[in-house]
Amino acid sequence: MRRRFIIIVVPGMIIGVLFAWIVFAVSENNTRSQASELLQPIKAADQATFADKNIRSAQGAIEKQPDDPKGYNLLANAFMLKARETGDFSLNARAEQSLQHSFRVEPNNYEGKKLQAALLLNFHKFPEALETAQQALAVNPKDFSIYDMIVDALVEMGDYQGAVESAQKRVDLRPDTAAYSRISYLRSLHGDTNGSIEMMRMAAESASPSNPEGIAWCRVHLGDELVNAGKPTEAEREYDLALFTFPDYHLALAAKARSRFAAGDSENAIAFYKRAVDRVPLPEYVTALGDLFTKLGRMDEAKMQYAQVEFIEKAGANSGTYSRQLALFWADHDIRLDEALTIAQRERSARNDIYSADVLAWCLYKNGRFPEAKVAMDDALRLGTRDPRLLFHAGMISIAVGEKEAGADYLKKALTINPSFDVLYADTAREKLKSL
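All figures in this text were calculated on a predicted structure; none of them were measured in a lab. (Residues numbered from 1 in each chain as written. Predicted model: local features only at pLDDT ≥ 70, side-chain atom pairs only at ≥ 80, totals over all residues. Heavy atoms only, no water.)

(A) Region of interest: the pattern of salt bridges. Enumeration according to the criterion identifies 37 salt bridges in this entry. A salt bridge links E156 to R351; the shortest N-O distance between them is 2.3 Å. One end of the pair, E156, is in helix α7 (residues 146–157); the other, R351, is in the loop between α18 (337–350) and α19 (354–366), and 195 residues separate them in sequence. With a closest N to O distance of 2.9 Å, E339 and R336 form a salt bridge. Of the residues examined, R336 reaches a relative accessible area of 36% and is grouped as partly exposed. (Salt bridge = Lys/Arg side-chain N within 4 Å of Asp/Glu carboxyl O. Helix = DSSP H or I, 4+ residues; strand = E, 2+ residues; numbered from the N terminus. Buried < 20%, exposed > 50% of the residue type's maximum accessible area, 1.4 Å probe, protein only.)

This is the structure in structure tokens:
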């Protein structure tokens, strides 16, 4: 073990080496004690997943070399993988704890810095994630993996040109699943559905067989793009492949629920949404389930789901994780519209992405501020994104400001892309078109 002297800097003075050595010895003992918490097993499925195996391997490395940052970094990465597998956001806190130990052992270690950028993205701290990733890139400009964090941060912040340039650098350095999936999303944002499908197929086909969740993730997103291309049958096949590859995957269960609803099979849609919620009670799953109950006239069950949405999203809103979703939920259901607008305005001031602009536009519309809503909606559509929800919002807002022909065109496009784009609002779009 290489010992390091810790010099504690206090305003106006420097504590001497002798006291620093004492502090180091106490700190070292505390680190060892706290590190033992990270070695506690997590509740795993009946069959160990890719993340489970990585967690056990990393814990073994820490037990053998508790003074080496490598084991803590591996464990942080494994916890983030597990969070993605399960949708359990709390696992990111264990990843953060692992990184804290990594930096105690070796401050500013390079691998820890990269993982810190990824973790900041998970916590929706996008500017900090970008800054951290750029610091790592300055150390090693040839490390292709850093560009993944940079692309993601730039997309969330609305710097799409910068994201495209960084994605190109990424794929030039190493064309793989991570690169293809990001290019797919960027193409989707720019309205290139066919190009997005092509790239996501390449992402799925190049995904490592040792990581079934990674393959399933690609299949689900490929299915979503196929829906936007007007190919619902092919899309559902991808969702089935995802469930076969990684059984009970929450993203695939929710996608399967959407496809069953689009096929007119409401009961199976409810069953799949319930399974998704049982796995991970994400706000969008619970909302969709509540909307399905509303559509079927099962109002007591719908109210229970909506109450759960409020609980989940308020808990997440404290960390900023679900703020935008909470604003959208309130606006969609015509409740607490003033608060929804306040959240949307705050999100928009912090992020320049098209989806924050869309939520702001929708909240302004719901508050009767139609001209302002139109300005925000135009910003949301600036990339030409073929998202039926965006187009629906654009249609309703255009009609509200007197642009009926343009509004009708937006609504027709939304329904053409996906006639079942929303459990409740797809019907609203059809009714509005009839009234025109």
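(B) A look at the confidence of the model for the protein chain. Taken residue by residue, the protein chain gives an average pLDDT of 89. The fraction at 70 or more is 87%. Note on residues 1–32: pLDDT under 50 across the span, and 28 contacts to partners over four residues away in sequence or across chains. (pLDDT = per-residue confidence, 0-100. Contact = heavy atoms within 4.5 Å.)

(C) Up close: the packing of helix α4 (residues 91–105) against helix α5 (residues 110–122). In contact at an axis separation of 10 Å, α4 and α5 are set at 155° when each is read in the N-to-C sense. Taken together, the axes of α4 and α5 lie roughly antiparallel to each other. Crossing handedness for the pair α4 and α5: left-handed. The segment α4 lies against α5, with N92, A95, E96, L99 and F103 engaging G112, K113, L115, Q116, L119 and N122. (Axes fitted to C-alpha atoms, helices over the stretch in contact; angles between N-to-C directions. Parallel < 35°, antiparallel > 145°, perpendicular 65-115°, else oblique. Left-handed = near helix turned anticlockwise from the far one by under 90°.)

(D) A look at helix α2 (residues 50–64). Along its 15 residues, α2 runs 22 Å from first to last C-alpha, staying within 8% of the 21 Å computed at 1.5 Å per residue. Restricting attention to buried positions, one finds in α2 the residues A51, D52, I55, A58, Q59 and I62. Down the axis of α2, the sector holding all buried residues measures 130°, keeping them to one side. Exposed and facing more than 90 degrees away from the buried side of α2 are K53, R56 and K64. (Expected span 1.5 Å × (residues − 1). Arc of directions from axis to C-beta.)

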